[in-house]
Amino acid sequence: MFAILNEIDGLEIESESTPYGAFISAINGEEQGDNYFWLYYVNGDFATVGVENYTVQDNDRIEFRLESFE
């Protein structure tokens, strides 16, 4: 999915490389921090794999949220 995100016009993704794959640190200039992180959901459910490891399926609804993760 990460490659798809980088192809969307008007969407600016900043990421960091980690041993687990790409880690999104900012979307359209809005950075994570102070215990807030960019998390993503697929069809309303919290994703259980990183953005580089998720394969988008037809009709998937993907949503990114800047949330506190405790």
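As the structure is a computational prediction, the values presented were derived from the model and not from experiment.

**Q** Let's hear about the packing of aromatic side chains: which residues, and what values?
**A** In this structure the tally under the stated criterion is three aromatic pairs. Ring geometry for Tyr 41 versus Phe 46: centroids 5.7 Å apart, planes at 70°, classification edge-to-face. Its relative accessible area of 10% is what places Tyr 41 among the buried residues. Three or more aromatic residues joined by ring pairs form one cluster here, namely Tyr 40, Tyr 54 and Phe 64.

**Q** Give me the lowdown on the sheet that holds strand 6 (residues 62-68), citing residues and values where you can.
**A** Read across the sheet, three strands follow the order 5-4-6 without closing on themselves; strand pairing throughout is antiparallel. Single-partner strands in this sheet number two, and they are strand 5 (45-46) and strand 6. As judged from the seven bridges shared by strand 4 (residues 36-42) and strand 6, these two strands associate in the antiparallel manner. The residue of strand 6 that forms the bridge with Phe 37 is Glu 67.

Parameters at a glance
- Residues numbered from 1 in each chain as written.
- Predicted model: local features only at pLDDT ≥ 70, side-chain atom pairs only at ≥ 80, totals over all residues.
- Heavy atoms only, no water.
- Phe/Tyr/Trp six-rings, centres within 6.5 Å; stacked < 30°, edge-to-face > 60°.
- Buried < 20%, exposed > 50% of the residue type's maximum accessible area, 1.4 Å probe, protein only.
- Pairing = 2+ DSSP bridges.
- Helix = DSSP H or I, 4+ residues; strand = E, 2+ residues; numbered from the N terminus.

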